[in-house]
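Structural characterization, general
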Amino acid sequence: MRIFLLGATGKIGTVFLNMALAKGHHITAYVRSPEKLTIAENLTIIQGNLESIPQMSAAMRDHDVVVSCLGGNDNDQSNVIQKFTELIVASIKESNVSKIVAISTAGIHNEFSWVTNFILTLFYKHVINDHRLTTQVIMTSGLDYTLARPLSLTEGGLMKSYRKMTIGVPKGGKNISRQDLAHFLLETIESGDYHNETVGLAYSE
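Let me begin by describing the structure that accompanies this report.

How each quantity is defined
Numbers given for residues are sequential positions, taken from 1 along each chain in its written order. Predicted model: local features are reported for residues with pLDDT of at least 70 only, side-chain atom pairs are reported and counted for 80 or more only, and whole-chain, interface and lining totals are derived from all residues. For the side-chain quantities, the full set of heavy atoms in the structure was used; hydrogens and water were omitted. Note on definitions: salt bridges are taken to be side-chain nitrogens of Lys or Arg within 4 Å of carboxyl oxygens of Asp or Glu. By definition, any uninterrupted DSSP run of H or I lasting at least four residues is a helix, any uninterrupted run of E lasting at least two residues is a strand, and each is numbered from the N terminus. Burial status follows relative accessibility: with a 1.4 Å probe on protein chains alone, a residue under 20% of its type maximum counts as buried, one over 50% as exposed, and anything between as partly exposed. We call two residues in contact when some of their heavy atoms are within 4.5 Å. Whenever two N or O atoms come within 3.5 Å, that pair is a polar contact, provided that in protein one can donate a hydrogen and the other can accept it, and provided that, for residues adjacent in sequence, both atoms are side-chain atoms.

1. Remarks on the pattern of salt bridges
Applying the stated criterion across every chain, the model contains five salt bridges. The salt bridge involving Glu 155 is made with Lys 11; its shortest N-O contact spans 3.8 Å. Residue Glu 155 is located in the loop between β7 (152–154) and β8 (163–165), and its partner Lys 11 is located in helix α1 (residues 11–22); the two are separated by 144 residues in the primary sequence. Given a relative accessible area of 60%, Glu 155 falls into the exposed group. With relative accessibility at 57%, the residue Lys 11 sits in the exposed group. Ionic pairing is found between Lys 164 and Glu 187, a salt bridge with its closest N-O pair at 3.0 Å. Highlighted residues: Lys 164 in strand β8 and Glu 187 in helix α5 (residues 178–191), separated in sequence by 23 residues. Lys 164 gets classed as partly exposed once you look at its relative accessible area, which sits at 32%. When salt bridges that share partners are traced, they join Lys 11, Glu 155 and Arg 178 into one network.

Shown next, in the form of structure tokens:
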């Protein structure tokens, strides 16, 4: 499969990249700093500008799916993820790609109890709002999408035993490793499951 990857130099993007290459997929990593990546078989590295729709859409052509592992909101009011996602969606529509798989966050649908939702809003208002607006951009785009809603991310290993919920979040779940988040992204691309759904991810209680 030909995968167009955004955020390949970030923590989750790096894990996803290595995991997908190990399974024989062809990856195009569209990055600002190509020197941060190591040349590998089946990996094409393109230095690109996220704010250039013509450049990004040209690089996307002939891929099966766009994967966005972008982050970047430090709980400020910039809505940086939403703005980049609007450009990504516009670029996808200019190319011949129709599917996007991306990372969001738990909390965008007010999935928790009112107490937890209140605490999240109090301490992470801007980052959750940015992800919520980003989700709206993707869900109303007309593209085939899958969005991951992980709970708190950890540096743990690959377990492959996490729970998935398309409505709400796994009851009692608290976290999931970046390894398993990347595993979910790759698994849903390979299987075609979770068509036009957002999926809550966490380990068992």
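That covers the picture; the talk isn't over yet.
2. Description of the environment of Arg 132
By secondary structure assignment, the location of Arg 132 is in helix α4 (residues 114–139). Judged by relative accessible area, Arg 132 falls into the partly exposed class, the value being 24%. Through-space distance from the C-alpha of Arg 132 to that of Ser 104 is 8.1 Å; in sequence the pair is 28 residues apart. Residues in contact with Arg 132, not counting those within four places in the same chain, are Gly 107, Ile 108 and Asn 110. A distance of 3.1 Å separates the side chain of Arg 132 from the backbone oxygen of Gly 107, its partner in a polar contact.

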